[in-house]
Amino acid sequence: GAKICQRCWKMMTMAVKVMERGLREDFGFQHVAWFYSGRRGVHAWVCDESARTLSNEARSAVAAYFEVSMGTDQNKGMNLSHPLHPMLGRAYDVLEPMFVDDILPSTGHSLLAKREQWEGLLGSLPPAAEPVAAALAKKWAGNNDDSTPAEKWAELKRYLNIFIGKSTTDGNGGGQKQMKHAKNLSTKDRIKIEQWPVETVFRFTYPRLDINVSKMQNHLLKSPFCIHPKTGRVCVPIEVSKVDQFDPFTVPTLPQLMRELDEY
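Quick caveat, the model's predicted, so the values are computed rather than measured.

(A) Inspection of the environment of Val100 at higher detail. One can find Val100 in helix H4 (residues 86–102). As for Val100 and Leu112, which are separated by 12 residues in sequence, their C-alpha atoms are 9.4 Å apart.

(B) How the structure looks around the state of the cysteines. Summed over the entire model, instances satisfying the criterion amount to zero disulfides. Residue Cys5 stays outside any disulfide, its sulfur separated by 3.7 Å from that of Cys8, the closest cysteine. As a non-bridged cysteine, Cys226 has Cys235 as the owner of its nearest cysteine sulfur, 3.8 Å distant.

(C) The arrangement of the environment of Ala63 in detail. With respect to the element layout, Ala63 can be found in helix H3 (residues 56–66). Separated by 50 residues in sequence, Ala63 and Ala113 place their C-alpha atoms 35 Å apart. What Ala63 contacts, discounting residues up to four positions off in sequence, is Leu209, Ile211 and Ser214.

(D) Examining helix H5 (residues 115–123) more closely. Of all the residues in H5, the buried ones are Trp118, Leu121 and Leu122. Viewed along the axis of H5, the buried residues span an arc of 100 degrees, placing them on a single side of the element. Opposite the packed face of H5, turned more than 90 degrees from it, sit the exposed residues Glu116 and Gly123. For H5, the elements touching its buried residues are helix H6 (130–141), helix H7 (149–163) and helix H9 (187–205).

(E) Summary view of the pairing of strand E2 (residues 42–46). Pairing geometry for strand E1 (residues 32–36) and E2, over five bridges, is antiparallel. Note on E2: the bridge partner recorded for Tyr36 is Val42. Connecting E1 to the antiparallel partner E2 that follows it, the hairpin turn spans five residues, and Gly38 within it adopts a positive phi of roughly 100 degrees.

(F) Examining the pattern of salt bridges more closely. Evaluated as defined, the whole model comprises 12 salt bridges. When the shortest N-O distance is used, the salt bridge between Glu194 and Lys166 registers 3.4 Å. Taken as a pair, Glu194 in helix H9 and Lys166 in the loop between H7 and helix H8 (176–179) lie far apart in primary sequence, 28 residues in all. Given a relative accessible area of 52%, Lys166 falls into the exposed group. Sharing partners across several salt bridges, the network here consists of Arg21, Glu25, Asp26 and Arg90.

(G) Region of interest: the sheet that holds E1. Overall, antiparallel pairing links the three strands, which are arranged E2-E1-E3 in an open sheet. Looking at strand neighbours, the two that pair on one side only are E2 and strand E3 (237–238), the edges of this open sheet. Across two bridges, E1 lies against E3 in antiparallel orientation. Residue Trp34 lies in a different strand from E3, and its bridge partner there is Ile238. The strands that helix H1 (residues 6–25) touches are E1 and E2; relative to E1, the one it contacts most, it runs at about 165 degrees.

(H) A look at the environment of Ser81. Relative to the helices and strands, Ser81 resides in the loop between H3 and H4. For the pair Ser81 and Gln195, spaced 114 residues apart in the sequence, the C-alpha separation amounts to 9.3 Å. There is a polar contact of 3.3 Å between the side chain of Ser81 and the backbone oxygen of Pro83. Reaching out from Ser81, the side chain makes a polar contact with the backbone nitrogen of His85 at a distance of 3.3 Å.

(I) Broad picture of unusual backbone geometry. With an omega dihedral of 0 degrees, the bond running from His82 to Pro83 counts as a cis peptide bond. Locating Pro83 in the fold gives a position in the loop between H3 and H4. The phi dihedral of Phe225 is positive, around 75 degrees, even though this residue is not glycine. Along the chain, Phe225 turns up in the loop between helix H10 (211–215) and E3.

(J) Molecular detail of a nonpolar patch on the surface. Nonpolar side chains collect at one region of the surface, where Ile227, Leu254, Leu257 and Met258 lie side by side and expose about 300 Å² of accessible area between them. Checked against the element boundaries, Leu254 lands in helix H11 (residues 254–263).

(K) A look at the nonpolar core. Among the nonpolar cores identified, the biggest contains 63 residues, and Leu125, Trp153, Leu156, Phe202 and Tyr206 are the most heavily contacted of them. Contributions of two or more residues to this core are made by H1, E1, H3, H4, H5, H6, H7 and H9. When residues in this core are grouped by element, the largest group, nine residues, is from H4. Apart from residues no more than four positions distant in its own chain, Leu125 is found in contact with Val132, Ala133, Leu156, Leu160 and Trp196.

Quick notes on the rules
Along each chain, the written sequence defines residue order, and numbers are assigned to residues from 1. Under the rules for a predicted model, residues below a pLDDT of 70 receive no local features and side-chain atom pairs below 80 are neither given nor counted, while totals for whole chains, interfaces and linings still include all residues. Excluding hydrogens and water, the side-chain values take into account all heavy atoms of the structure. What counts as a helix is a DSSP run of H or I of at least four residues, what counts as a strand is a run of E of at least two, and both are numbered from the N terminus. We call a pair of cysteine sulfur atoms a disulfide whenever their separation is within 2.5 Å. Residues count as neighbours in contact if any of their non-hydrogen atoms are within 4.5 Å of one another. Exposure categories follow from relative accessible area, calculated using a 1.4 Å probe and restricted to protein chains: below 20% of the type maximum is buried, above 50% is exposed, and the middle band is partly exposed. In this description, one arc is meant: the one made by directions from the helix axis to the C-beta atoms. We treat two strands as partners when DSSP finds at least two bridges between them. In what follows, salt bridge is the name for a side-chain nitrogen of Lys or Arg lying within 4 Å of a carboxyl oxygen of Asp or Glu. Here the axes come from fitting lines to C-alpha atoms, over the contacting stretch only for helices, and the angles between their N-to-C directions go from 0 to 180 degrees. We call two N or O atoms a polar contact when they sit within 3.5 Å, provided that within protein one can donate a hydrogen and the other can accept it, with sequence-adjacent residues counted only if both atoms are side-chain atoms. To count toward a patch, a residue needs a relative accessible area above 30% and no salt bridge. Like charges then connect within 9 Å, nonpolar side chains (Val, Leu, Ile, Met, Phe, Trp, Tyr) within 5 Å. In these tables, accessible area is a Shrake-Rupley quantity obtained with a 1.4 Å probe, and a residue counts as shielded only by the protein chains included in the view. Residues grouped as a nonpolar core are buried Ala, Val, Leu, Ile, Met, Phe, Trp, Tyr and Cys residues, joined through side-chain atoms within 4.5 Å.

These values are about where atoms sit, not about what they do.
This is how it looks when you write it as structure tokens:
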């Protein structure tokens, strides 16, 4: 719902880092100001004159450029381009380290910290990669496995690379034995397996954009420094260089400001 916590707020940090680089590097915008929405999101104000005078069609094109379809309940696939678009490749480079730090471990969303979660993740592999899923499920369930979530993710990617022929060894002497009987893959299956890590990282971390706010010149906008009507928090600016330290729970609130004014 509308509630937030420190774990899910990490996703806003990810969104800022991806969008900040895209707006500046791909479109050349120089005056980008970030603000806390007051509840569970962030707003980017692109203040360049060239941005403020864009037509509705051009605004829509800029927003659509960053949009990634996460699929539907019936169709989970993202249908990413192959080879990966440079913008998406850069986003993956930004997001994957944060995915490893903030999504995989028990201090995050436990995606590879508990057996039921990693079984679910392995179950999301393309059907053609079932031998990889079976080999790792057996290995990780063993009594001798004490690998961390980050190590499991690295191992999973190594096994997939061996399976599709991008690598002949995992560097540790493992994986090759389990994968040597893998069937010949079609080009389509090979691409699906190769893109699975990117799709997985994006599904958990890629920014979800409110396209309607961006594409219409006459859309109502929340003014910076206003008060969010449901939380009472001030929509304060966010310094991009310090976005990792931003804490929405320490943002000033209207009752706090009233109390400070009365005391003054």
